[in-house]
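Here is how the chains run, residue by residue.
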Amino acid sequence: QVQLVEPGGGLVQAGGSLRLSCAASGSIFSINDMGWYRQAPGKQRELVAAITSGGRTNYADSVEGRFTIPRDNAKNTVYMQMNSLKPEDMGVYYCHAELRRKFYSGYEDYWGQGTQVTVSS
């Protein structure tokens, strides 16, 4: 069994910072991409940032220069440092990992339970 656990989130004022973390645990053989998606009320889930196992990153235009997505491969953990937060950054943030379980072939998508980020103006 594999789990993605993402504590963190919370309420922050506009212009403030917040750090999210997501740890993958369980019977994991390897992890390819990890990333963060956001879903605002009434909108579809969208990619915010992603990072490959080799460290190559991809950011949504709306967060480029404000968010970073460091990753600790030894801990199967991905973070997201969010700076200069804006009200439009508000939503439920979901951690994602493309991983291969032990004794299984092929990679599968796994999701965290989601964490709420609220930005007050």
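The structure under discussion appears in the preceding block.
Calculation notes
Residues numbered from 1 in each chain as written. Predicted model: local features only at pLDDT ≥ 70, side-chain atom pairs only at ≥ 80, totals over all residues. Heavy atoms only, no water. Buried < 20%, exposed > 50% of the residue type's maximum accessible area, 1.4 Å probe, protein only. Helix = DSSP H or I, 4+ residues; strand = E, 2+ residues; numbered from the N terminus. Pairing = 2+ DSSP bridges. Phe/Tyr/Trp six-rings, centres within 6.5 Å; stacked < 30°, edge-to-face > 60°. Lys NZ or Arg CZ within 6 Å of the ring centre and 35° of its normal. Disulfide = S-S within 2.5 Å. Salt bridge = Lys/Arg side-chain N within 4 Å of Asp/Glu carboxyl O.

**Student:** I would appreciate a short explanation of the pairing of strand 1 (residues 2–5) in the present structure.
**Tutor:** For a regular strand, the rule is simple: side chains alternate between the two faces of the sheet. Alternating residues of strand 1 divide into Val2 and Leu4, all buried, and Gln3 and Val5, none buried. Bridging between strand 1 and strand 3 (residues 18–26) involves 4 bridges; their strand directions are antiparallel. Opposite Gln3, over in strand 3, you have Ser25 as the bridge partner.

**Student:** Would you explain the packing of aromatic side chains in this entry?
**Tutor:** The geometry of an aromatic ring pair is captured by two quantities: the separation of the ring centres and the angle between the planes. The tally for this structure, following the rule as stated, stands at 1 aromatic pair. Each ring, one from Tyr37 and one from Trp111, has its centre 5.0 Å from the other, and the planes form 70°; the classification is edge-to-face. With Tyr37 in strand 4 (residues 28–39) and Trp111 in strand 11 (residues 108–111), this pair connects stretches of sequence that are 74 residues apart. Here the guanidinium or amino end of Arg100 rests over the ring plane of Phe29, the centre of that ring lying 4.5 Å away. Its guanidinium or amino end placed over the ring of Tyr104, Arg101 lies 3.8 Å from that ring's centre, counting from NZ or CZ.

**Student:** Please clarify how the state of the cysteines should be interpreted in this entry.
**Tutor:** Every disulfide links exactly two cysteines, by a covalent bond between their sulfur atoms. A complete count under the given rule lists 1 disulfide for this structure. Across the disulfide from Cys22 sits Cys95; the S-S distance is 2.0 Å. Of note, the bridge from Cys22 to Cys95 carries an S-S torsion of about -80° and is left-handed in sense. With Cys22 in strand 3 and Cys95 in strand 10 (residues 91–101), this residue pair connects regions lying 73 residues apart in the sequence. Judged by its relative accessible area of 0%, Cys22 falls in the buried class. A residue is classified by how much of its surface remains accessible, and Cys95, at 0% relative accessible area, is buried.

**Student:** How should the pattern of salt bridges be read in this particular structure?
**Tutor:** As a working rule, side chains carrying opposite charge can pair if their charged atoms are close by. On inspection of all chains with the given rule, the structure shows 4 salt bridges. One salt bridge in this structure joins Glu46 and Arg38, with 3.1 Å as the shortest N-O distance. Among the salt bridges present, the one from Glu108 reaches Arg101, with a minimum N-O distance of 2.9 Å. By relative accessible area, Glu108 is classed as partly exposed at 30%.

**Student:** What exactly am I supposed to notice about the pairing of strand 12 (residues 115–120) here?
**Tutor:** Burial of the side chains of strand 12 is restricted to one face: Thr115, Val117 and Val119 are buried, whereas none of Gln116, Thr118 and Ser120 on the reverse face is. Relative to strand 12, strand 2 (residues 10–13) is paired through 4 bridges, and the arrangement is parallel. The partner of Gly10 across the bridge, within strand 12, is Val117. Inspection of the sheet shows strand 10 paired to strand 12 by 3 bridges, in the antiparallel sense. Directly across from Tyr93, in strand 12, lies its bridge partner Thr115.

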